[in-house]
2 protein chains.
Amino acid sequence: MTPTDPEPEDAGPPTRRRPGGRTARIRRQVLDAVLTELGEHGYDGLTTDTVAARAGVHRTTVYRRWGDVGGLLADVLDAASDDDWQPPDTGSLEADLTALNEEIQSALTAQPPIVTALIAASFRSEKAAHAQQRLWEDRYARCEIVVDRAVRRGELPPHTDARRLLVAATAPLYHHLVLLRTPLDPQLPRQAARTAALAAGAGAFAEPPSASDT
Amino acid sequence: MTPTDPEPEDAGPPTRRRPGGRTARIRRQVLDAVLTELGEHGYDGLTTDTVAARAGVHRTTVYRRWGDVGGLLADVLDAASDDDWQPPDTGSLEADLTALNEEIQSALTAQPPIVTALIAASFRSEKAAHAQQRLWEDRYARCEIVVDRAVRRGELPPHTDARRLLVAATAPLYHHLVLLRTPLDPQLPRQAARTAALAAGAGAFAEPPSASDT
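What you see is a predicted model; the values in this text were computed from it and never measured.

**Focus on the packing of helix α8 (residues 162-180) of chain A against helix α9 (residues 188-201) of chain A**
All names here are of chain A.
Link 1 in the chain: At a minimum axis distance of 8 Å, the contact between α8 and α9 shows a crossing angle of 150°. As the angle between them shows, α8 and α9 are arranged roughly antiparallel. α9 is crossed by α8, and the crossing has right-handed handedness. Judged by residue contacts, L165, A168, A169, P172, L173 and H176 of α8 engage L188, P189, A192, A193, A196 and A200 from α9.

Shown next as structure tokens:
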């Protein structure tokens, strides 16, 4: 599904291949067009034709490489992992989680609402749903270092389940802003971070040591 | 929007009104048909015509009372609050929250997936979104007694913010099952409940006393 094969374009005669050049540029144009269309018109306004027109590429290029709207959305989500994003490193668990939650809150309340539109689209397309899952998996995996650092600083016991702690810290943001649709609460990032940090300190995410550690 | 006006039906001559009788019965038939159609075909298969056909009522009845699919979904969600549901009362905060989370997990993983289909539909229709918000508000408000009871038993400090505690306890269920779409984890209801209870015990949801209490 992902457009990794550098086929020659349909516009014009075959040219010498520059791996990553033309293919990467067209991918960027098309994915930018998807985001713009999604921000302006939402999922219902998104078609391969409108994306091709906005990107300035031939519609058959979009069709051949991405197949349909689900394929376009999946590639937008997959492309989002292709960055060097790292979680905040402030020196304390609670402050790291607060800063992370502030990033999440900003993303979920940005205008145009690209991130929430992508989440909404994941209920419409299996391909987008799987890509959204992969993106969250990537982000949570990258965030585990926040917990590792807190363990190394002695803030948390060893054998703390990083993923459970991270989900506890961040889930209230998604719950309020995506599902409950409550008004923006500037205290929420800090409160949810503090809740998770207090629970962690009280042993909520402690795992029994695995056999290999004994 | 809600079908409260007991207009005479369009089928047959006007009859003597039996308040709540025929109107309530037709509402029940129509809302049951919405749930069945939604479970079988999802939002995209839902039209006022298919609902009318399945309910065995005239299409203009559905159109006049509910307007469109969004109106039908909103009334399904509003009708869901019209029950005597109460949260579990087991004698301890953690066990109450665990039992509540088990109810949520069951609802979110049931087949056919009515609850998740309604949540997904709330991204398609403003009317459904507002009704989903009202339903959650109703449910969280009813659950506050779980926290009140824990305060009265001395498990929690007075001035505990019940809503924040309840959202912390339940948000990981929605996050995993609706957004992250992780495989069912039978430990999750208990773990999320225990996390919130431990955080509460550590003062995560403590509010300063209000002026009226001093």
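**Here's the deal with the UniProt feature "DNA-binding region" (unreviewed entry) in chain A**
Link 1 in the chain: Per the UniProt record, "DNA-binding region" (unreviewed entry) is annotated on residues 47-66 of chain A.
Link 2 in the chain: This span, residues 47-66 of chain A, is 80% helix and 0% strand, and a straight line between its end C-alpha atoms measures 11 Å.

**A short note on the packing of aromatic side chains**
Link 1 in the chain: All told, the structure shown has 3 aromatic pairs over all chains when counted by the stated rule.
Link 2 in the chain: Relative to F123 of chain B, the ring of F123 of chain A lies with its centre 5.1 Å away and its plane at 20°, an arrangement referred to as stacked. In this pair, F123 of chain A is assigned in the loop between α6 (114-121) and α7 (126-152) and F123 of chain B in the loop between α6 (114-121) and α7 (126-152), connecting two distinct chains.
Link 3 in the chain: Plain terms: the ring middles of W136 of chain A and Y174 of chain A are 5.6 Å apart, the flat faces sit at 90° to each other, and that makes the pair edge-to-face. Highlighted residues: W136 of chain A in helix α7 and Y174 of chain A in helix α8, separated in sequence by 38 residues. Taken individually, W136 of chain A and Y174 of chain A each receive the classification buried, so the pair is uniform in this respect.

**Quick look at α6 of chain A**
Link 1 in the chain: Burial runs high along α6 of chain A: 7 of the 8 residues are buried.
Link 2 in the chain: For α6 of chain A, the secondary structure elements touched by its buried residues are α1 (22-41), α4 (69-80), α5 (93-109), α7 and α8 of chain A together with α8 (162-180) of chain B.

**Structural notes on the relation of the copies chain A and chain B**
Link 1 in the chain: The transform that puts chain A on chain B rotates by 180° and translates by 0.0 Å along the axis, for an RMSD of 0.0 Å. Here the two chains are linked by the operation of a two-fold rotation axis. Among all residues of chain A, the one whose C-alpha sits closest to the rotation axis is A199 of chain A, at a distance of 2.2 Å.
Link 2 in the chain: With an isologous cut-off of 70% or more, the 100% of interface residues of chain A that recur at the interface of chain B puts this contact in the isologous class.

**Notes on the interface of chain A and chain B**
Link 1 in the chain: Counting from both sides, the interface comprises 32 residues of chain A and, opposite them, 32 residues of chain B.
Link 2 in the chain: Together chain A and chain B conceal approximately 2900 Å² of surface at their shared face, both sides included; 68% is due to carbon and sulfur atoms.
Link 3 in the chain: On inspection of chain A and its partner chain B, the count reaches 8 residue pairs in polar contact (both at pLDDT 80 or more).
Link 4 in the chain: Residue assignment for the side of chain A that touches chain B shows that the elements contributing at least two residues are α6, α7, α8 and α9 of chain A.
Link 5 in the chain: For the side of chain A that touches chain B, the element with the highest residue contribution is α8 of chain A, accounting for 12 residues.
Link 6 in the chain: The class makeup of the residues in the side of chain A that touches chain B is 19 nonpolar, 8 polar and 5 charged.

**Overview of the nonpolar core**
Link 1 in the chain: Counting residues in hydrophobic clusters, the biggest one holds 72 residues, and the most contacted among them are L97 and L165 of chain A together with L97 and L165 of chain B.
Link 2 in the chain: Contributing elements (two or more residues each) for this core: α5, α7, α8 and α9 of chain A together with α5 (93-109), α7, α8 and α9 (188-201) of chain B.
Link 3 in the chain: Contacts of L97 of chain A, omitting those with residues within four sequence positions, involve V146, L165, L166, A169, A193 and A196 of chain A.
Link 4 in the chain: Core analysis: the second largest hydrophobic core is formed by 27 residues, A55, L73, V76 and A79 of chain A among them.

**Comments concerning the pattern of salt bridges**
Link 1 in the chain: The final tally for this structure, using the stated rule, is 36 salt bridges over all chains.
Link 2 in the chain: The partner of K127 of chain B in a salt bridge is D68 of chain B, with the nearest N and O atoms 2.9 Å apart. With K127 of chain B in helix α7 and D68 of chain B in the loop between α3 (59-66) and α4 (69-80), the pair connects residues that are 59 residues apart, well separated along the chain.
Link 3 in the chain: A cluster of three or more residues bridged by salt bridges with shared partners is formed by D83, D138, R139 and R142 of chain A.

Cut-offs used in this document
- Residues numbered from 1 in each chain as written.
- Chains lettered and ligands numbered in written order.
- Predicted model: local features only at pLDDT ≥ 70, side-chain atom pairs only at ≥ 80, totals over all residues.
- Heavy atoms only, no water.
- Axes fitted to C-alpha atoms, helices over the stretch in contact; angles between N-to-C directions.
- Helix = DSSP H or I, 4+ residues; strand = E, 2+ residues; numbered from the N terminus.
- Parallel < 35°, antiparallel > 145°, perpendicular 65-115°, else oblique.
- Left-handed = near helix turned anticlockwise from the far one by under 90°.
- Contact = heavy atoms within 4.5 Å.
- UniProt positions renumbered as here; feature names shortened; annotations may be inferred.
- Phe/Tyr/Trp six-rings, centres within 6.5 Å; stacked < 30°, edge-to-face > 60°.
- Buried < 20%, exposed > 50% of the residue type's maximum accessible area, 1.4 Å probe, protein only.
- Least-squares fit on C-alpha atoms with pLDDT ≥ 70 in both.
- Buried area = accessible area lost by both parts, 1.4 Å probe.
- Polar contact = N/O pair within 3.5 Å; in protein donor to acceptor, adjacent residues only side chain to side chain.
- Nonpolar A, V, L, I, M, F, W, Y, C, P; charged D, E, K, R; others polar.
- Core = buried A, V, L, I, M, F, W, Y, C linked by side-chain atoms within 4.5 Å.
- Salt bridge = Lys/Arg side-chain N within 4 Å of Asp/Glu carboxyl O.

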